[in-house]
Amino acid sequence: MTQVRPPAAASASLWERDAEVAAIEQAVDTLCADRSSPGSLLVLRGEAGLGKTTLLAEARRIAEQRGCTVWSARGGETLRSVPFNVVRQLLQPALVPMLPEEAREYLGDWYDIAGPALGIAEPGERQADPQGVCEGLIAAVRRLARRDWPLVLLLDDAHWADQETLHWLAAFAERLQDVSVLLVVARRPGEISGVSARHLDAVAAAADRPVATLSALTPAATAGLTRATLGEGSDAAFCREVWAVTGGNPYETVELLAKVQDSELEPVEAHAGELRALNRSARGGGLVARLEQLGIDATRFAWAAAILGTDITVDLVAQLATLDPDSAARCAELLRSARILTTPDPATGRTGPQDLEFVHPLIATAVYNSIPDALRRAMHGIAARIVTDSGRGAAAAARHLLEVHPDDDEELVEQLREAAREHLAVGAPDAARRCLERALEEPPRPEVHARVLYELGRAAFLTAPARTIGHLRTALGMPGLLGEERVDAVVRLSQALLHNDQMEEAVRTVEAEAARLEPGPARMRLQAVQFMWEGLHAGETTSPGRSERLAELAATCTGRDNSERALLILRGFDAMMRGENAEEIVELCDRALVNGRLAPGLGWTDAEWGVELLLMLASVYAYTDRLDRADSLYNEALRAYESAGWSGGHLVLAHAYVGLGHRRRGRLEVAETSLRESLALAERIGRGLPLYWTATCNLVDTLLARGHVDEAWAVAERHGFAPPYPSTIVLPDPRSVRGRLLLAVGRTKDGVNELEAAEKAAASRGHHNPVHLFWAADLARALATEDPARAARLAVDVRRRAERFGTDTAIGEALRCAAALETGQRAVRLAAQAVTYLESSPCQYEHAAARVEYGILARSEADVRRGLDLARSCGADGLVHRARTELETGVRRR
């Protein structure tokens, strides 16, 4: 703040803003220097009236002077409930002029995902994934930035932006390195809390330089501004009083000086005492009094404009204020002359001959708050009707409906329910929740009350599972939910309980509802859900006789409907975890398919059953050596979620299980890439969730297979891969993976303890699959020297279970374990048998390891070389090193 007088071309409110202007100039110059330059972010923070908006206007001037494309948007205090309002302001000017076909071609696969949120495409019938919509909006900016480079985005009053925009803004700010865009964000400190505040904090953290915090003008700058406005004859005492009255607030200073000019007050000490009265008339109660002096029609016009908040036109305001066109035009001119309303800057691209906006947000807030409460609510009701009659839909009218006083209005309840459906379809579940919560205040008629609660529970599921529990419990306790709706409500309640770590209650909830129903598809669906939750629970105990009951029920199923198909899948998964015969397990799961494919209604994006069931099915195939089928299902999931824009937890799991499929095949490098992508996505959702564990566990296991022990340990430390473990099952078993990791880094005692804990947990659940739960083989190797007798017993047990399971991989791995505990020709024979089985297995890493081990034991250079070639193709660097070392120092020496 070294400069007192701003450049001649700058606004008066740019006094003492030289550092901020220089930062903007530097950022624009960097952007313009090279198309491949990374994006950058500037954040301006300051209290109301300190010149944030003027700095953004200066940023526009600088950018346009250098040939940049500039788009801008502004948050509004009364518009925060309108989802995607600000991001629509920002991007619509670039997209709306396109024909629908052009926009579809331009946005590609993202058109159907982001288009509805941007208001350029009709929403689909299913609920949109909020994270997917956010990714679509980022993709839209990325594509537009390439077309319109150099592109500058200006966002004013970000503290009043809607939550959906702030979600996008935070995610976009983190990825600016990949998009050649300059983003400048202005906000007030404080103002908001909760999720929106966290989003804004994330934006600030992503900025290229420290947040620029604006301060008030110094007395010297205020004096310079006063003399520049009123003339050099303004005396020092008068200038000091201007500063004292305004506190150096640039906006208030400019407004006060305008009032001095309007009143033709001479800027001398004798008139300094009149400044306080003039200042009061420029804001707050003084502004309201001044507005009233313009007449009742002008007051009603200003009130109506404040109610509308955005898209203010003379015609719309006239309708809301019940004024004829001539009176409305006269009021608009009066309010322009009084510096209350103004015509928007044409540079924003959002102006027509009748368009209006408030001169400053402080004025808009003062006018809105001056409307008597009852009248304000009534005017919102009229505004909702005007918006609805204009054909813009229930969602557009929703922000007004939220403000209407509850009055037992059945029509309003239906409008809010419709608005909620529209919000869900564009990916705004929080907006849907607000509409349904407001509908409950009306209240709804008894016959629809339970349905509103049910819809609220569905809307809140993604963002507030704990609230979902209360809503659905209440709905189920009321009359009105029947048939499929009631069954679905019970299933969703159990899902919410599961995600809230209330596993036992989730199981009991579906069990109790199933007991009320007669035999049939609905009851079978609930029974299947109960078995699914029990099957996913990783607790120390399981329900007595669960597997027997599941087997008995599945034995009656032919796969004629999705409830029966679900039970067949669940029975197959349970049998796989228990280590029963693999051929019989596969036959069960095959019966759940229709012509080898997922049945209609049982797809990856179908909401009735959820992703858990299909991941169970695919994992059964993965662990029974049917990797072609597993890969097909995993990749189908990935394609389905990417094309639908589901980039939240579903996409995390899809990448993780695609990685698991590659790991099982021995494609270790490709597996690592998929798993790192999964973990990066999981980081955005939150740590501690089962999906986070799935990504981390598989990545650690894959890095160990590659021989990257130090990196595996670093990943485990960085991502909290240590007890306590999640309450749901993770594939592969995290205790077994953690035990293997500890052995690999030389912490043998800790590794043995971890593997023994895995043994105990598996025994309590009756899980004996030696491929998924490989603790026994690793424990046997670890105990070979210290306790050879126990190691031998473990190896025998592993082989017995492997032969019961019956896959080539399981038997081959059991023989590898046995060979590791033997010496001489017996070890050679066992290693040879392991190679024979694993040669027929689709798991190439295990085959490579067995081949190298056999080559070393049999002193066969050819087998070591073959193992080396296999290890290279897998990306198993540790195994490659072992084989090379043996070739250099072992086989040749012998």
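Structure: above.
Regarding the overall build of the protein
Inference 1: Across its full length, the protein holds 44 helices and eight strands.
Inference 2: Summarising its shape, the C-alpha atoms of the protein cover approximately 110 × 70 × 50 Å along the three principal directions.
Inference 3: Residues classed as buried in the protein amount to 57% of the 894 residues present.
Inference 4: Look at the contacts in the protein between residues 6 or more apart in sequence, and 68% of them connect residues 24 or more apart.
Inference 5: Carbon and sulfur atoms make up 50% of the accessible area of the protein, which amounts to about 36,200 Å² in all.
Inference 6: One way to put it: in the protein the 102 positive side-chain charges average out to a point 6 Å from where the 125 negative ones average out.

Structural notes on the side chain of arginine 187
Inference 1: With respect to the helices and strands, arginine 187 occurs in strand S4 (residues 181–187).
Inference 2: Within the buried set, arginine 187 has no salt-bridge partner at all; the shortest N-O distance to an opposite charge, 4.2 Å, is to aspartate 201.
Inference 3: The contacts of arginine 187, once residues within four sequence positions are left out, are Leu44, Arg45, Gly46, Lys52, Ala158, His159, Leu200 and Asp201.

Here we look at the sheet that holds strand S7 (residues 341–342)
Inference 1: Within the open sheet, the three strands sit side by side as S6-S8-S7. Their pairing is antiparallel. Of all strands in the sheet, those with a lone pairing partner are strand S6 (312–313) and S7, marking the two edges.
Inference 2: In this structure, S6 lies alongside strand S8 (residues 355–358), joined through two bridges in antiparallel fashion. Note on S8: the bridge partner recorded for threonine 313 is aspartate 355.

Examining the pattern of salt bridges
Inference 1: Tallied over the entire structure, the rule returns 70 salt bridges.
Inference 2: The partner of glutamate 534 in a salt bridge is arginine 508, with the nearest N and O atoms 3.8 Å apart. Note that glutamate 534 is positioned in helix H26 (residues 521–536) and arginine 508 in helix H25 (residues 503–516), a separation of 26 residues in sequence.
Inference 3: According to the relative accessible area criterion, glutamate 534 is buried, its value standing at 5%.
Inference 4: A salt bridge links glutamate 672 to arginine 676; its shortest N-O distance comes to 2.9 Å. Of the two residues, glutamate 672 and arginine 676 are both situated in helix H33 (residues 668–685); the distance of four residues between them amounts to about one turn of the helix.
Inference 5: In this structure glutamate 672 comes out as buried when scored by relative accessible area, which is 12%.
Inference 6: One network of salt bridges, in which partners are shared, links Glu669, Glu672, Arg676, Arg706, Glu711, Arg718 and Asp877.

A look at empty space enclosed by the protein
Inference 1: Counted by the stated rule, this structure contains two cavities of 30 Å³ or more.
Inference 2: The volume enclosed by the second largest cavity comes to roughly 90 Å³.
Inference 3: Lining the second largest cavity, in full, are His768, Asn769, Pro770, Leu773, Phe774, Trp775, Ala776, Ala777, Asp797, Val798 and Arg801.
Inference 4: Taken together, the elements giving at least two residues each to the lining of the second largest cavity come down to helix H38 (775–783) and helix H39 (788–805).
Inference 5: Classifying every residue of the lining of the second largest cavity by side-chain character gives seven nonpolar, two polar and two charged.

Re the packing of aromatic side chains
Inference 1: In this structure the tally under the stated criterion is five aromatic pairs.
Inference 2: Ring plane angle 80° and centroid distance 6.4 Å describe the contact between tryptophan 604 and tyrosine 641, whose orientation is recorded as edge-to-face. Pair noted here: tryptophan 604 is in the loop between helix H29 (582–590) and helix H30 (611–623) and tyrosine 641 is in helix H31 (residues 627–644), with a separation of 37 residues, a long-range link. When sorted by exposure, tryptophan 604 lands in the same class as tyrosine 641, which is buried.
Inference 3: Members of the aromatic cluster, connected to one another through ring pairs, are Trp693, Phe721 and Tyr725.
Inference 4: In this structure, arginine 525 is placed above the aromatic ring of tryptophan 609, and the distance from its NZ or CZ to the ring centre is 5.7 Å.

Observations regarding the pairing of S4
Inference 1: In terms of residue burial, S4 counts as a mostly covered element, since seven of its seven residues are buried.
Inference 2: Of the two faces of S4, the one holding Val181, Leu183, Val185 and Arg187 and the one holding Leu182, Val184 and Ala186 are both buried throughout.
Inference 3: Pairing geometry for strand S3 (residues 151–156) and S4, over five bridges, is parallel. Its bridge partner being in S4, valine 152 is matched across the sheet by leucine 182.
Inference 4: On the question of chirality, the crossover connecting S3 to the parallel S4 by way of helix H7 (residues 163–174) is right-handed.

Brief notes about the sheet that holds S3
Inference 1: Across the sheet, which stays open at both edges, the five strands sit in the order S2-S3-S4-S1-S5 with parallel pairing between neighbours. Across the chains shown, the open sheet's two edge strands, defined by having one partner strand only, are strand S2 (69–74) and strand S5 (212–213).
Inference 2: For S2 and S3, the ladder comprises six bridges, and the chain directions are parallel. In the sheet register, serine 72 faces S3, and the bridge partner there is leucine 154.
Inference 3: In this fold H7 packs onto strand S1 (40–45), S3 and S4, with an angle of close to 135° to the strand it touches most, S4.

Examining the nonpolar core
Inference 1: Core analysis: the biggest nonpolar cluster contains 140 residues, and Trp533, Trp604, Tyr634, Val700 and Trp775 have the highest contact counts within it.
Inference 2: No other element matches H30, which puts eleven residues into this core.
Inference 3: Other than its neighbours up to four places away in sequence, tryptophan 775 contacts Ser736, Leu755, Ala758, Glu759, Ala762, Leu794 and Arg801.
Inference 4: Core analysis: the second largest hydrophobic core is formed by 55 residues, Trp71, Leu91, Tyr111 and Leu169 among them.

Let's talk about the environment of aspartate 808
Inference 1: With respect to the secondary-structure elements, aspartate 808 resides in helix H40 (residues 808–821).
Inference 2: Between the C-alpha atoms of aspartate 808 and valine 141, which are 667 residues apart in sequence, the distance is 51 Å.

Details of the packing of helix H34 (residues 690–706) against helix H36 (residues 734–744)
Inference 1: Contact pair H34 / H36: the axes reach a minimum separation of 10 Å and the direction vectors enclose 40°. By the angle class used here, H34 and H36 are oblique. The crossing of H34 and H36 is left-handed. Contacts from Trp693, Cys697, Val700, Asp701 and Leu704 in H34 reach Pro734, Val737, Arg740, Leu741 and Ala744 in H36.

With respect to the pairing of S8
Inference 1: The pairing of S7 with S8 spans two bridges and is antiparallel. Bridged to leucine 341 within S8 is phenylalanine 358.

Re H26
Inference 1: Given a rise of 1.5 Å per residue, 16 residues ought to cover 22 Å, and the 22 Å separating the end C-alpha atoms of H26 matches this to within 8%.
Inference 2: The buried count for H26 comes to 13 of 16 residues, which makes it a mostly enclosed element.

Brief notes about the packing of helix H14 (residues 296–308) against helix H17 (residues 361–370)
Inference 1: Relative orientation of the contacting elements H14 and H17 amounts to 110°, with a least axis distance of 9 Å. It follows that H14 is roughly perpendicular to H17 by the angle criterion. Contacts between H14 and H17 pair Ala302, Trp303, Ala306 and Ile307 from the former with Ala364, Val367, Tyr368 and Ser370 from the latter.
Inference 2: Looking at the contact of H14 with H17, its residues break down into seven nonpolar, one polar and no charged.

Some points on unusual backbone geometry
Inference 1: In the segment running from tryptophan 149 into proline 150, the intervening peptide bond is cis, with an omega of -5°.
Inference 2: Locating proline 150 in the fold gives a position in the loop between helix H6 (130–148) and S3.
Inference 3: Going from proline 723 to proline 724, the amide bond is cis rather than trans, its omega being 0°.
Inference 4: Turning to its location among the elements, proline 724 is positioned in the loop between helix H35 (709–718) and H36.

About the thresholds
- Residues numbered from 1 in each chain as written.
- Predicted model: local features only at pLDDT ≥ 70, side-chain atom pairs only at ≥ 80, totals over all residues.
- Heavy atoms only, no water.
- Helix = DSSP H or I, 4+ residues; strand = E, 2+ residues; numbered from the N terminus.
- Buried < 20%, exposed > 50% of the residue type's maximum accessible area, 1.4 Å probe, protein only.
- Contact = heavy atoms within 4.5 Å.
- Areas by Shrake-Rupley, 256 points an atom, 1.4 Å probe, with all protein chains shown as cover.
- Lys, Arg positive; Asp, Glu negative; His and termini not counted.
- Charge placed at Lys NZ, Arg CZ, Asp CG, Glu CD.
- Salt bridge = Lys/Arg side-chain N within 4 Å of Asp/Glu carboxyl O.
- Pairing = 2+ DSSP bridges.
- 1 Å grid on protein atoms, 1.4 Å probe; cavity = no way out; pocket = protein on both sides within 12 Å on 5 of 7 lines; lining within 4 Å.
- Points joined across faces, edges and corners; volume = space filled by probe spheres on them.
- Nonpolar A, V, L, I, M, F, W, Y, C, P; charged D, E, K, R; others polar.
- Phe/Tyr/Trp six-rings, centres within 6.5 Å; stacked < 30°, edge-to-face > 60°.
- Lys NZ or Arg CZ within 6 Å of the ring centre and 35° of its normal.
- Right-handed = clockwise from strand over helix to strand, strands pointing away.
- Axes fitted to C-alpha atoms, helices over the stretch in contact; angles between N-to-C directions.
- Core = buried A, V, L, I, M, F, W, Y, C linked by side-chain atoms within 4.5 Å.
- Parallel < 35°, antiparallel > 145°, perpendicular 65-115°, else oblique.
- Left-handed = near helix turned anticlockwise from the far one by under 90°.
- Expected span 1.5 Å × (residues − 1).

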